[in-house]
Amino acid sequence: MEAWWNSLRRRVDVEAVEAMGEVFGEGGNRDAVRYLRDLDEIDQGAFQTAMDGLTPRARALVNDVSLPPFLADMQGLEQAQKRACEVFQDNALAFIIALLCKSLPECYAAARGAKVLARTGALGDPSRDRAGLEDTMVRRVMETAVFVQDVMNWSFWTAPSRPAIRTVQKVRLFHAGVRVLIERHGQRNGQPWNADADGDPINMQDTVGTLLAFSIQSIRGARRLGYRITKQQERDILLHWIVIGHHLGLDEDVLQQAWNDPYGLWECVCTGEFAFSPEGDALMTSLRDFLRNHVFVLQHRSFIPLTFMKRLMDPRALSALRLDHVASPSGILYSTIFTVILGAHGVLMTVPKLGKRSTAWMGKELMEFMTNRWAGTNPAAITLENELRGV
C-alpha cells in the first residue's frame, strides 16, 4: 500500500496533459484556453462554440463521458448520485461551512500540493472590489463554490450538454495546463520544479487527496456541526465524488481504492503529506482574511473562521498549518456564544419539517450569496483562463 501510494506522486493524467500540450506546445494556439470558460454552459449554442474552439485532443477528451468498468457495471449508480445531490441540497449550510473551514484548509496542509496551489497566481489581498475577479483567493473561492454547486445539482448531470461533467472536464484541462506550464517555466523564483522532492505537479496523489477532502472530510465536518448524515448517505456522496474523480482524470485503480478504503487513503494523506510550508501558510492566511472580510460579516467576526476551523479540522492539519497554537482574539466570551449558537441550531434541526426546511433554506441562501449576489457585476463562472495566464 505504501509503495503504491508513493507512486501516485509521479503519476499524472497523461491524456489531459497531451491535450493541453497541444495548446501550449510549438505552434500551439494559446488563445484556445478562452474556450474553457463556456464549456459548461447550459445553452447549447454557447457550449458548441466552446467545443468547436478546442484543440482536437481536448475535444476528444471532452467528448468521452464513458465510465470505467467498475463504475459502468455498478447497479444503482445514478440513483446513488441523485441521492447524494439531494443530501447536499438539504444540508448545504453545513457542507458549505465544512468546505470553507475544513476541506480547503486541509488541502493547504499538504505541503507539496500547496506549492502548486500557490503557483497558480499571486495570492495578494482578498479584495472583492477588483473588477474581473483577478484577485486569486477571491477567484479561487468563487470558482470552488461554482464547481461544487454545479456538480451537486442533479439536473446538471441530466441536462442535454451534461454541464456537470463539463464543469469537471474544464477543471481537468486547467490542471493539465498548469502542469504543462510549470514543467516548462518552473517555479516563480526561476528555479525548475523539483520532481524528485515534490513529485510531478498536479499528480494523482494530490488529486485523490482533494477528492477525499471534498467528500468524506466534508461529511465529517457536517457531522461535527450537528447534522445527521447516515452511513448510506455517506456512501452515496463518496460514490458521487468518485464519479467526479473519474472525470477529473483519476485512474481506475485509484478510484477503486478510494471506494474500498477512503479513510485508509485519508490516513496516507495525513501521515505522508501534512507538514508546514510557506505556501500553505500563505494560502491559509489569505483564506482566513477572505472569510473574515467577505463571508462572516458580523461586526465582531475575526474569531469566527478560526473557531470553525478548530472545531472542524483534522488536528494534524491544524498542527501543520500552526493554527493549533493561534489564540482566538475574542477569548472565552465569543467561544461560548459560538457554542450556544451551534447548540441552538442543533435543537432547531430536531423540529419536524421546520428544522429541515430552515437549514435547507439557509444553505440555499448562503450558496446564492457566494455565487451570485456576492459576485456583484462579475460573472459567477469558473474563469480558469485567467489563472493559466498567471502561471
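### Looking at the overall build of the chain
Then comes step 1: Helix and strand counts for the chain come out as 23 helices and zero strands.
Then comes step 2: Going through the 391 residues of the chain one by one, you find that 55% of them count as buried.
Then comes step 3: Partitioning the contacts of the chain with sequence separation of at least 6, the portion at a separation of at least 24 is 77%.
Then comes step 4: When the accessible area of the chain is evaluated, it comes to approximately 16,700 Å², of which 53% is carbon and sulfur surface.

### Thoughts on the environment of E18
Then comes step 1: Considering the arrangement of structural elements, one finds E18 in helix α2 (residues 14–24).
Then comes step 2: Overall, E18 belongs to the partly exposed group, its relative accessible area being 41%.

### Focus on the packing of α2 against helix α4 (residues 56–63)
Then comes step 1: Axis separation between α2 and α4 bottoms out at 7 Å; the angle between their running directions is 145°. Across the interface between the two elements, E15, A16, E18, A19 and E22 of α2 pack against P56, R57, A58 and L61 of α4.
Then comes step 2: Tallied by class, residues from the contact of α2 with α4 come to five nonpolar, no polar and four charged.

### What about the nonpolar core?
Here is a general trend for soluble globular proteins: nonpolar side chains tend to be buried in one another's company.
Then comes step 1: Among the nonpolar cores identified, the biggest contains 84 residues, and W241 and L287 are the most heavily contacted of them.
Then comes step 2: Counting residues per element, this core draws most heavily on helix α7 (residues 92–108), at 12 residues.
Then comes step 3: Once residues within four sequence positions are removed from consideration, L287 is found in contact with L100, L104, P105, Y108, M137, V141 and M309.
Then comes step 4: Of all hydrophobic cores here, the second largest spans 20 residues; its members include L36, L54, A58 and V62.

### Regarding empty space enclosed by the protein
Then comes step 1: Following the criterion strictly, the structure yields five cavities of 30 Å³ or more and no others.
Then comes step 2: Counted as a void, the second largest cavity has a volume near 130 Å³.
Then comes step 3: Every residue lining the second largest cavity is counted, 16 residues in all, and those nearest its centre are D13, H175, I202, T207 and L248.
Then comes step 4: Of all the secondary-structure elements, those providing two or more residues to the lining of the second largest cavity are α2, α11 (163–185) and α13 (204–214).
Then comes step 5: The biggest single contributor to the lining of the second largest cavity is α11, with four residues.
Then comes step 6: Grouping the constituent residues of the lining of the second largest cavity by class yields nine nonpolar, four polar and three charged.

### A few points about helix α16 (residues 252–260)
Then comes step 1: When α16 is considered as a whole, its buried residues turn out to be V254, L255, A258 and W259. The buried residues of α16 all sit within an arc of 135° when viewed along its axis, so they share a single face.

### Remarks on the pattern of salt bridges
Then comes step 1: Taken as a whole and judged by the stated rule, the model has 18 salt bridges.
Then comes step 2: A salt bridge links R83 to D236; the nearest nitrogen and oxygen atoms lie 2.8 Å apart. Taken together, the residues R83 in helix α6 (residues 77–90) and D236 in helix α15 (residues 231–247) connect sequence positions 153 residues apart.
Then comes step 3: Its relative accessible area of 4% is what places D236 among the buried residues.
Then comes step 4: With a closest N to O distance of 3.1 Å, K115 and D198 form a salt bridge. Note that K115 is positioned in helix α8 (residues 111–119) and D198 in helix α12 (residues 195–198), a separation of 83 residues in sequence.

### So, the environment of T307
Then comes step 1: Looking at the element boundaries, T307 is found in helix α19 (residues 304–312).
Then comes step 2: Note: C-alpha distance between T307 and C101 (206 residues apart in sequence) is 9.2 Å.

### What about the packing of aromatic side chains?
Then comes step 1: Summed over the entire model, instances satisfying the criterion amount to four aromatic pairs.
Then comes step 2: A ring pair is formed by F88 and F95, whose centres lie 5.6 Å apart and whose planes are at 25°; its orientation type is stacked. For the residue pair F88 and F95, the accessibility class agrees, reading buried in each case.
Then comes step 3: Through a chain of ring-to-ring contacts, the aromatic side chains of F147, F214 and W241 assemble into a single cluster.
Then comes step 4: Note that R322 overlies the ring of F276, its terminal NZ or CZ placed 3.6 Å from the centroid.

### Observations concerning α11
Then comes step 1: Counted at 1.5 Å a residue, the expected span for α11 with its 23 residues is 33 Å, and the 32 Å between its end C-alpha atoms agrees.
Then comes step 2: In terms of residue burial, α11 counts as a mostly covered element, since 19 of its 23 residues are buried.

### Let's talk about the confidence of the model for the chain
Caution applies to low-pLDDT regions: their predicted coordinates should not be interpreted in detail.
Then comes step 1: Of all residues in the chain, 74% have pLDDT values of 70 or greater, and the mean over the chain is 82.
Then comes step 2: Per-element mean pLDDT across the chain ranges from 57 in helix α21 (residues 331–349) up to 98 in α15.
Then comes step 3: For the stretch residues 122–134, pLDDT sits under 50, and the model shows 41 contacts to residues farther than four places along the chain or on other chains.

Rules behind the numbers
Residues numbered from 1 in each chain as written. Predicted model: local features only at pLDDT ≥ 70, side-chain atom pairs only at ≥ 80, totals over all residues. Heavy atoms only, no water. Helix = DSSP H or I, 4+ residues; strand = E, 2+ residues; numbered from the N terminus. Buried < 20%, exposed > 50% of the residue type's maximum accessible area, 1.4 Å probe, protein only. Contact = heavy atoms within 4.5 Å. Areas by Shrake-Rupley, 256 points an atom, 1.4 Å probe, with all protein chains shown as cover. Axes fitted to C-alpha atoms, helices over the stretch in contact; angles between N-to-C directions. Nonpolar A, V, L, I, M, F, W, Y, C, P; charged D, E, K, R; others polar. Core = buried A, V, L, I, M, F, W, Y, C linked by side-chain atoms within 4.5 Å. 1 Å grid on protein atoms, 1.4 Å probe; cavity = no way out; pocket = protein on both sides within 12 Å on 5 of 7 lines; lining within 4 Å. Points joined across faces, edges and corners; volume = space filled by probe spheres on them. Arc of directions from axis to C-beta. Salt bridge = Lys/Arg side-chain N within 4 Å of Asp/Glu carboxyl O. Phe/Tyr/Trp six-rings, centres within 6.5 Å; stacked < 30°, edge-to-face > 60°. Lys NZ or Arg CZ within 6 Å of the ring centre and 35° of its normal. Expected span 1.5 Å × (residues − 1). pLDDT = per-residue confidence, 0-100.

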